[in-house]
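These are the residues of each chain, in order.
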Amino acid sequence: MLSLVKGIWTVFKHSIRKRETVLYPEEKPSLHPRWRGRIILSRDPDGEERCVACYLCAAACPADCIALQATQDEHGRRYPEFFRINFSRCIFCGFCEEACPTYAIQLTNDFEMGEYHRHNFVYEKEHLLINGSGKHPEYNFYRVSGVSVGAKDSGEGENEEPPVDIHSLMP
Amino acid sequence: MNEPEQSIILLYLILVGVLLTAAGLIWLERRLLGLWQDRYGPNRAGRFGSLQVAADMIKIFTKEDWIPPFADKPVFVIAPAIIVITTLLSFAVIPFAPEIEIVNLNIGLLFFLAMSSLSVYSVALAGWASNNKYSLLGGLRAAAQMLGYEVFMGLSLAGVIMLAGSFNLREIVEAQRNVWFFIPQFPGFVIFVIAGLAETRRIPFDLPEAENELIAGFHTEYSGMKFGMFFVGEYMGVTLISALIATLFFGGWMGPLLPPLCWMIIKTFIFICGFILVRASLPRLRYDQLLSFGWKLMLPLALLNVVVTGAIILAAS
Ligand code: SF4
Ligand code: SF4
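Residues numbered from 1 in each chain as written. Chains lettered and ligands numbered in written order. Predicted model: local features only at pLDDT ≥ 70, side-chain atom pairs only at ≥ 80, totals over all residues. Heavy atoms only, no water.

**Student:** Break down the overall build of chain A for me, citing the residues and quoting the values.
**Tutor:** For chain A, the helix and strand inventory stands at five helices and five strands. Starting at the N terminus and ending at the C terminus, chain A contains elements arranged as α-β-α-β-β-α-β-β-α-α. What you see for chain A is a C-alpha radius of gyration of 24 Å, clearly larger than the 16 Å of a compact globule of 171 residues, by over 25%. Seen through its C-alpha atoms, chain A measures out along the principal axes to roughly 95 × 45 × 30 Å. Among the 171 residues that make up chain A, the fraction classed as buried is 29%. In chain A, the proportion of contacts linking residues at least 24 apart, taken out of those at least 6 apart, comes to 66%. Averaging the coordinates of the 20 positive side-chain charges in chain A and doing the same for the 25 negative ones gives two points 15 Å apart. (Helix = DSSP H or I, 4+ residues; strand = E, 2+ residues; numbered from the N terminus. Rg over C-alpha atoms; globule rule 2.2 N^0.38 Å. Buried < 20%, exposed > 50% of the residue type's maximum accessible area, 1.4 Å probe, protein only. Contact = heavy atoms within 4.5 Å. Lys, Arg positive; Asp, Glu negative; His and termini not counted. Charge placed at Lys NZ, Arg CZ, Asp CG, Glu CD.)

Okay, structure coming up:
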């Protein structure tokens, strides 16, 4: 019986406590840098698209909301012909970002994505692609490894050994 | 205040006042619960969210009013009306101020007890007519709960009746000119508050509703304004019990300086806030706990209160 009265008194003391609510539209919440929000496609420091259209993000996506089509430019460099994310299905799990070998696909701090029509949630490549390099400013996939493409010859990447001369007997 | 026109006007004023209070309570309760849980509650529509009530009204009136095909139709329709009618009828006997009262019934208190017992039919019939096992369980619980608290509710008031020597609410208020009855009748007051909580079927006695076990108990199948009637009925019940506590134990309209009606309203609102505070702090009792609490603790206490009060009055006279 007494504990009930004590409980009521404890609750009553909350009359003068500060309220915890963040009054959202007027007062923006502070988000952490690793917040998983709206997805973007970034470019490398040379201004080229990072995405190599490897389909790994689409394969990793548990909601199956990424669709893309690979194609190649004149140097044989792969890029997506179209890249489509259906945000009405995306669960913002970040698996796509983790799967991506080139840091192309990244989740950002923006969560204010409300729309009045469902089809507006389907973002095409022109909506996704940004002009910067996002969270990894220095990284350039083609400079680290890979085959000879327009940007560099094989063996010229960072930490990359020159290719072995298979006709030589020297070690 | 005997001319018929005047009393009809008064009747409408009280009716509108009670309905507006019940509607306002929806807002007040949400704000106060917010305050005590360190959040805001509705604060967007209008100043401090005061237009929330209007928005809720528009919503509930435009909702689909659906009667399930498996329900017992006439009973299903009548049930929500009963709770509103009985509660509104009880307001007829409450003296809000010396001249503001619809009927000056000399068995006013008995009338209130009768009406409050009738209101349980609303819940029990709603549960039965819904033809849904959760609703039926809710209705059964309401009936059992009524048996549990109705007895000690009546007994808790016996002390007040003995002290005032009348069932007439106006005379009970007049009898408190020297000392408010919650001092000589403190046990009666506590018991009546507990019975009142059970009467309005609010936490901690909201067993018929019990969202987390019975979905919404007796009103699971109700929608639209029929659900709204239960809702408004509950808030009118809270207003009624608060007004009665003020009348029976806290001197009704009496108080210094301010006009009588003001005092009555202030006292009523303090108790309404108390009801909301209890809801904000206490968990729901278990079914068997409620019944054994009612029969084994509250009933003997109420009887003891009657005996002691009677003995003291006898010794004093
Ligand atoms: S965040 Fe998750 S659900 Fe959304 S696109 Fe990436 S992998 Fe798919
Ligand atoms: S965004 Fe990354 S994972 Fe997805 S296709 Fe492009 S390179 Fe591959």
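**Student:** Please give an account of the packing of aromatic side chains that cites residues and values.
**Tutor:** Any aromatic ring pair is given by two values, namely how distant the centres are and how the planes are angled relative to each other. Under the definition given, this model contains 17 aromatic pairs over all chains. With centroids separated by 4.7 Å and ring planes inclined at 70 degrees, the aromatic side chains of Tyr-103 of chain A and Tyr-139 of chain A adopt a geometry described as edge-to-face. Of this pair, Tyr-103 of chain A sits in the loop between α3 (95-99) and β4 (105-107) while Tyr-139 of chain A sits in the loop between α4 (125-128) and α5 (141-144), and the two are 36 residues apart along the sequence. For the pair Trp-180 of chain B and Phe-250 of chain B, a centre-to-centre distance of 6.2 Å together with 65 degrees between the ring planes defines the contact as edge-to-face. One end of the pair, Trp-180 of chain B, is in the loop between α6 (169-174) and α7 (186-199); the other, Phe-250 of chain B, is in the loop between α9 (224-249) and α10 (260-281), with 70 residues separating them in the sequence. By relative accessible area, which is 29% here, Trp-180 of chain B ends up partly exposed. Of the residues examined, Phe-250 of chain B reaches a relative accessible area of 13% and is grouped as buried. Taken together, Trp-180, Phe-186, Phe-189, Phe-192, Phe-249, Phe-250 and Phe-271 of chain B form an aromatic cluster joined through their ring pairs. A cation over an aromatic ring shows up here: Arg-84 of chain A above the ring of Phe-82 of chain A, its NZ or CZ 4.7 Å from the ring centre. For Arg-141 of chain B, the ring lying beneath its charged end belongs to Tyr-287 of chain B, and the centroid distance is 5.4 Å. (Phe/Tyr/Trp six-rings, centres within 6.5 Å; stacked < 30°, edge-to-face > 60°. Lys NZ or Arg CZ within 6 Å of the ring centre and 35° of its normal.)

**Student:** So what's going on with the site of ligand 2? Which residues, and what values?
**Tutor:** Residues and elements named next belong to chain A. Taken together, 13 residues are adjacent to ligand 2, and Cys-51, Cys-54, Tyr-55, Cys-57 and Cys-100 come closest. Here ligand 2 is seated within the second largest cavity. Of the residues assigned to the shell around ligand 2, the class counts are 12 nonpolar, one polar and no charged. (Near = heavy atom within 4 Å. 1 Å grid on protein atoms, 1.4 Å probe; cavity = no way out; pocket = protein on both sides within 12 Å on 5 of 7 lines; lining within 4 Å. Sits in = over half its atoms within 2 Å of the grid points. Nonpolar A, V, L, I, M, F, W, Y, C, P; charged D, E, K, R; others polar.)

**Student:** Let's hear about the sheet that holds strand β2 (residues 66-72) of chain A: which residues, and what values?
**Tutor:** Residue and element names in this part refer to chain A. With respect to topology, three strands assemble into an open sheet ordered β2-β3-β5, the strand pairing being antiparallel. Taken across any chain shown, the strands that pair with only one partner, and hence form the sheet edges, are β2 and β5 (122-123). Bridge count between β2 and strand β3 (residues 78-86): seven bridges; the pairing is antiparallel. When the bridges of β3 are listed, Leu-68 appears paired with Phe-83. (Pairing = 2+ DSSP bridges.)

**Student:** Run through the pattern of salt bridges, naming residues and quoting values.
**Tutor:** Here the structure, examined in full by the defined rule, presents 12 salt bridges over all chains. In this structure, the salt-bridge partner of Asp-38 of chain B is Arg-17 of chain A, at a minimum N-O distance of 3.4 Å. Taken together, the residues span two chains, with Asp-38 of chain B in the loop between α1 (4-36) and α2 (52-62) and Arg-17 of chain A in the loop between α1 (2-13) and β1 (39-41). Across the pair Asp-65 of chain B and Lys-226 of chain B runs a salt bridge, and its minimum N-O distance is 3.0 Å. Here Asp-65 of chain B is found in the loop between α2 and α3 (73-91), whereas its partner Lys-226 of chain B is found in helix α9, with 161 residues between them in sequence. (Salt bridge = Lys/Arg side-chain N within 4 Å of Asp/Glu carboxyl O.)

**Student:** Please set out the site of ligand 1 residue by residue, giving values where relevant.
**Tutor:** Around ligand 1 lies a shell of 13 residues, among which Cys-61, Cys-90, Cys-93, Gly-94 and Cys-96 of chain A are the nearest. Taken together, the residues that form the shell around ligand 1 break down as 12 nonpolar, one polar and no charged.

**Student:** With reference to specific residues and values, describe the nonpolar core.
**Tutor:** Core analysis: the biggest nonpolar cluster contains 80 residues, and Phe-112, Phe-192, Leu-248 and Phe-249 of chain B have the highest contact counts within it. The greatest single-element share of this core, amounting to 13 residues, is contributed by α9 of chain B. Dropping the residues within four chain positions of it, Phe-249 of chain B is found in contact with Leu-157, Val-160, Gln-176, Trp-180, Phe-181, Phe-182, Gln-185, Gly-188, Phe-189, Phe-192 and Leu-244 of chain B. Formed by 25 residues, the second largest nonpolar core is a distinct cluster that contains Ile-39, Cys-100, Leu-107 and Leu-128 of chain A. (Core = buried A, V, L, I, M, F, W, Y, C linked by side-chain atoms within 4.5 Å.)

**Student:** How would you summarise unusual backbone geometry if you had to cite specific residues and measurements?
**Tutor:** Residues and elements named next belong to chain A. If you check the backbone angles, Ala-53 has positive phi at about 55 degrees while not being a glycine. Relative to the elements of secondary structure, Ala-53 occurs in the loop between β1 and α2 (56-60). Backbone geometry at Asp-64 places phi at a positive 55 degrees, although glycine is not the residue there. Following the sequence through the fold, Asp-64 ends up in the loop between α2 and β2.

**Student:** Quick rundown of helix α11 (residues 287-316) of chain B? Include the residues and the values.
**Tutor:** Residue and element names in this part refer to chain B. End to end, α11 covers 42 Å across 30 residues, agreeing with the expected 44 Å (1.5 Å per residue, within 8%). Along α11, the sharpest kink reaches roughly 35 degrees, centred on Met-298 and followed within four residues by the proline Pro-300. Every buried residue belonging to α11 is among Leu-290, Phe-293, Gly-294, Met-298, Leu-299, Ala-302, Asn-305 and Thr-309, and all of these are buried. (Expected span 1.5 Å × (residues − 1). Bend = angle between axes of the 7 residues up to and from the residue.)

**Student:** Break down the packing of α1 of chain B against α10 of chain B for me, with residues and values.
**Tutor:** Residue and element names in this part refer to chain B. In the contact formed by α1 and α10, the axes pass within 10 Å of each other and the chain directions differ by 50 degrees. Classified by the angle between their axes, α1 and α10 sit oblique to one another. Regarding α1 and α10, the two cross each other, and that crossing is right-handed. Where α1 abuts α10, its residues Thr-21, Leu-25, Leu-28, Glu-29, Leu-32, Leu-33 and Trp-36 lie against Phe-269, Ile-272, Cys-273, Ile-276, Leu-277, Arg-279 and Ala-280. Looking at side-chain class alone, the contact of α1 with α10 contains 11 nonpolar, one polar and two charged residues. (Axes fitted to C-alpha atoms, helices over the stretch in contact; angles between N-to-C directions. Parallel < 35°, antiparallel > 145°, perpendicular 65-115°, else oblique. Left-handed = near helix turned anticlockwise from the far one by under 90°.)

**Student:** With reference to specific residues and values, describe the environment of Asn-109 of chain A.
**Tutor:** Residues and elements named next belong to chain A. You can see Asn-109 is positioned in the loop between β4 and β5. For Asn-109, a relative accessible area of 36% gives the class partly exposed. Asn-109 sits 73 residues away from Arg-36 along the chain, and the two C-alpha atoms are 6.4 Å apart. In contact with Asn-109, other than residues within four places in its own chain, are Leu-31, His-32, Pro-33 and Trp-35.

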